[in-house]
Structures are given as C-alpha cells and as structure tokens.
Amino acid sequence: QVQLVESGGGSVQAGGSLRLSCAAYGLTYSIHCMGWFRQAPGKEREGVAAIDSDGRASYADSVKGRFTISQDNAKNTLYLQMNSLTPEDTVMYYCAASHRYCSGPAVPPGARYWGQGTQVTVSS
C-alpha cells in the first residue's frame, strides 16, 4: 500500500507562484509514475503533469510553460512548481502515483493511489 500526503497549497494573487509537495509512504519502490491532477467542482479530474521514475515529464497544454514537475527519489517526494498563476488555476490539486509507467500528463489508472488534495486559490 502507498500513502500520499500533499502540502503547499494556499492563496496567492494572479501572477504569483506556489510550490506543491507530495510525500509518498509505504511500498514506494515499485511506483513508476507520479503526478498531479486538478479538479474544479462539477468537472472531471484533469491530469496536469506526470513524471516517470527516470525523470521524463509530460504536461497538459493548459499549464505548459508555467508549471514544472520534479521529484526527489531519495526522499520519495514529488513537487509541482506553479508560476504565473491565474484565477483559472483556483481548484483542488491531487497527487497521484501508479505502478504503471507514465504515458502522458495523467497518471495512468490501474494500481493508482491518491492523496487527499490541497486547495489552490488565485485572486485577481
């Protein structure tokens, strides 16, 4: 079993930055893909960015050039650096991990684990 714990959410003004963190606990040795989703009320959960165990990253078009995903394998920690934030980024962000390999900005289903989410609020 793998447990994911997010942190780093909060409130910023438009144009500002936030850095989200996701710490993984448990049987993490066989995790091959980790990433971030976001979900607004009444909408589907969207894959924002994902990174595989070799450091290869994929991004959704909506965040490309603004967000950067990274990982520290030694610490079993995932990060999402978010720059140039806009009010459209005001949603819940969820960390995810999978035993499958990444194939795009959404962590693939099947043996997928979820964090509880962290709120990001961007004011204009």
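Above this text you will find the structure in question.
Residues numbered from 1 in each chain as written. Predicted model: local features only at pLDDT ≥ 70, side-chain atom pairs only at ≥ 80, totals over all residues. Heavy atoms only, no water.

A. How the structure looks around the nonpolar core. L4, M34, W36, L80, M82 and Y93 are the most contacted members of the largest nonpolar core, which totals 28 residues. Residues within four places of L80 in sequence aside, it is in contact with L18, R19, L20, W36, A49, F67, T68, I69 and Y93. Judged by nonpolar contacts, the second largest core, of 5 residues, contains C33, F37, A96 and V107. (Core = buried A, V, L, I, M, F, W, Y, C linked by side-chain atoms within 4.5 Å. Buried < 20%, exposed > 50% of the residue type's maximum accessible area, 1.4 Å probe, protein only. Contact = heavy atoms within 4.5 Å.)

B. Representation of the pairing of strand β7 (residues 67-72) within the structure. Sheet analysis places β7 next to strand β8 (residues 77-82), joined by 6 bridges and oriented antiparallel. Bridge assignment links S70 to a residue of β8, and that residue is Y79. Between β7 and β8, which follow one another and run antiparallel, lie 4 residues, and N76 among them has a positive phi close to 55 degrees. (Pairing = 2+ DSSP bridges. Helix = DSSP H or I, 4+ residues; strand = E, 2+ residues; numbered from the N terminus.)

C. Broad picture of the state of the cysteines. Scanning the model with the defined rule gives 2 disulfides in all. Between the sulfur atoms of C22 and its disulfide partner C95 the distance amounts to 2.0 Å. Because the torsion about its S-S bond is -80 degrees, the bridge between C22 and C95 counts as left-handed. On the criterion of sequence distance, the pair formed by C22 in strand β3 (residues 18-26) and C95 in strand β9 (residues 92-98) is long-range, its members being 73 residues apart. Comparing C22 with C95 shows no difference in burial state: the two are buried. (Disulfide = S-S within 2.5 Å.)

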